[in-house]
Amino acid sequence: VLEVGCYVGGFLRTASDMGASATGIDPNPQVVELCNRMGTSAHVGTVEEWTSPEQLDVVAILNCFDQLPDPVSTLTIIQSLLRPGGSVIVRTPNARWIREMYRCGDRGMRISAACELVLGVPFLRCYSPHAVAALLSGAGFNEPTMRLPPLDLERPRPESPWIDVCAV
């Protein structure tokens, strides 16, 4: 497993605790140092610079997909790093949900946004679920599966503050 943008290593620790061989890559040397001090494996760099003697089963981009300068290029590189049948996991803010939260001013949505850590965060870009699926498709991934809670038909609004996608 490779995590792109490993931040403080929470995903790496969980993956390792579940028996996976997990490594992170992050352009921030302080983040990498913290991950390594906490017992996880991390390296300074970007996925474009990543070299590995073997293909990967999973590449995860969690909470930093919006920061990628060229997401299609990055996803294309990830596609080449994965073994046949390998998966990419992407977690990114849901633009439709955030736009609706600011548009309607719903107190419940603002509380949810604060709890979900999307309120006031300076995202470089926000994507809709459709846009994320199109980016994955453009990079050669098939079968994107999104985990979005069902819409409340009594009070329609976008699904969730986050888009969680797995694609093969």
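Here's a quick rundown of the structure. (Residues numbered from 1 in each chain as written. Predicted model: local features only at pLDDT ≥ 70, side-chain atom pairs only at ≥ 80, totals over all residues. Heavy atoms only, no water.)

### Some details on the pairing of strand S2 (residues 23-26)
Here S2 shows two buried faces, one formed by Thr23 and Ile25 and the other by Gly24 and Asp26. Strand direction decides the pairing type here: strand S1 (residues 2-4) and S2, joined by three bridges, are parallel. Pairing of Leu2 across the sheet is with Thr23, part of S2. Chirality of the crossover, the property in question, places the unit of S1, helix H1 (residues 10-17) and S2 among those that are right-handed. Pairing of S2 with strand S3 (residues 41-44) involves four bridges; the strand directions are parallel. Within the sheet, the bridge partner assigned to Gly24 lies in S3 and is Ala42. (Buried < 20%, exposed > 50% of the residue type's maximum accessible area, 1.4 Å probe, protein only. Helix = DSSP H or I, 4+ residues; strand = E, 2+ residues; numbered from the N terminus. Pairing = 2+ DSSP bridges. Right-handed = clockwise from strand over helix to strand, strands pointing away.)

### Structural notes on the state of the cysteines
Counting across every chain of the model gives zero disulfides. For Cys6, which is in no disulfide, the shortest distance to another cysteine sulfur is to Cys35 and amounts to 3.9 Å. Overall, Cys6 belongs to the buried group, its relative accessible area being 2%. Free cysteine: Cys115, not disulfide-bonded; nearest cysteine sulfur from Cys104 at 16 Å. Residue Cys115 is classed as exposed on the basis of its relative accessible area of 62%. (Disulfide = S-S within 2.5 Å.)

### Topic: the environment of Tyr127
Among the structural elements, Tyr127 can be located in the loop between helix H5 (107-115) and helix H6 (129-138). We classify Tyr127 as buried; its relative accessible area is 9%. Once the C-alpha coordinates of Tyr127 and Phe65 are considered, the two residues, 62 residues apart in sequence, prove to be 9.5 Å apart.

### A word on the pairing of strand S7 (residues 162-167)
The buried count for S7 comes to five of six residues, which makes it a mostly enclosed element. As paired strands, strand S5 (residues 82-93) and S7 are joined by six bridges and run antiparallel to one another. Each bridged residue has a counterpart across the sheet, and for Val90 the counterpart in S7 is Val165. Here three bridges tie strand S6 (residues 145-147) to S7, and the two strands are oriented antiparallel to one another. Along S7, the bridge assignment pairs Met146 with Val165.

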